[in-house]
Amino acid sequence: MQLTYAVGMRKASFADMQCSIAQSLEIIGEWWTLLILRDCFLGIRRFDDFVERLGISRNVLATRLDTLVEAGILERRPYDD
């Protein structure tokens, strides 16, 4: 059995909720973000490696990484030569 939806699903915003779980979902609840974090835990560190492993566009990856850095979840470091 396959479920189909006649109308596109909307993402609910939890920004106004005073709940730590809801606030966390605002940051990490997006699909790509969870996959990025998974790869971080697996040891991926370089931008191009994320692009290659995930098949994500560079602009989407940059936006998601910026969000994680702004939230203090990840930190940006220069590549070692």
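Refer to the structure above for everything that follows.
A.B. asks: Explanation requested: the nonpolar core in the structure shown.
C.D. replies: As a rule of thumb, nonpolar side chains are buried together in soluble globular proteins. With 11 residues, the main nonpolar core is built from I36, L37, C40, I44, F50, V51, L54, I56, L61, L65 and L68. Every element with two or more residues in this core is listed here: α2 (31–41), α3 (47–54) and α4 (58–70).

A.B. asks: Where do I start with the packing of aromatic side chains in this structure?
C.D. replies: Each aromatic ring pair is characterised by the separation of its centres together with the angle its planes make. In this structure the tally under the stated criterion is 0 aromatic pairs. The ring of Y79 has R46 sitting right over it, with the charged end atom 4.2 Å from the ring centre.

A.B. asks: Where do I start with the pattern of salt bridges in this structure?
C.D. replies: Oppositely charged side chains can form a pair if their charged atoms are brought close together. In total, this model carries 6 salt bridges according to the counting rule given. The partner of E30 in a salt bridge is R64, and the shortest N-O contact between them spans 2.8 Å. Within this pair, whereas E30 is found in the loop between α1 (20–28) and α2, its partner R64 is found in helix α4, the two being separated by 34 residues in sequence. With a closest N to O distance of 2.8 Å, D48 and R58 form a salt bridge. Residue D48 is found in helix α3, and its partner R58 is found in helix α4; the two are separated by 10 residues along the sequence. Residue D48 is classed as partly exposed on the basis of its relative accessible area of 43%. Overall, R58 belongs to the partly exposed group, its relative accessible area being 46%. Connected through shared salt-bridge partners, R38, D39 and R53 make up one network.

About the criteria used
- Residues numbered from 1 in each chain as written.
- Predicted model: local features only at pLDDT ≥ 70, side-chain atom pairs only at ≥ 80, totals over all residues.
- Heavy atoms only, no water.
- Core = buried A, V, L, I, M, F, W, Y, C linked by side-chain atoms within 4.5 Å.
- Buried < 20%, exposed > 50% of the residue type's maximum accessible area, 1.4 Å probe, protein only.
- Helix = DSSP H or I, 4+ residues; strand = E, 2+ residues; numbered from the N terminus.
- Phe/Tyr/Trp six-rings, centres within 6.5 Å; stacked < 30°, edge-to-face > 60°.
- Lys NZ or Arg CZ within 6 Å of the ring centre and 35° of its normal.
- Salt bridge = Lys/Arg side-chain N within 4 Å of Asp/Glu carboxyl O.

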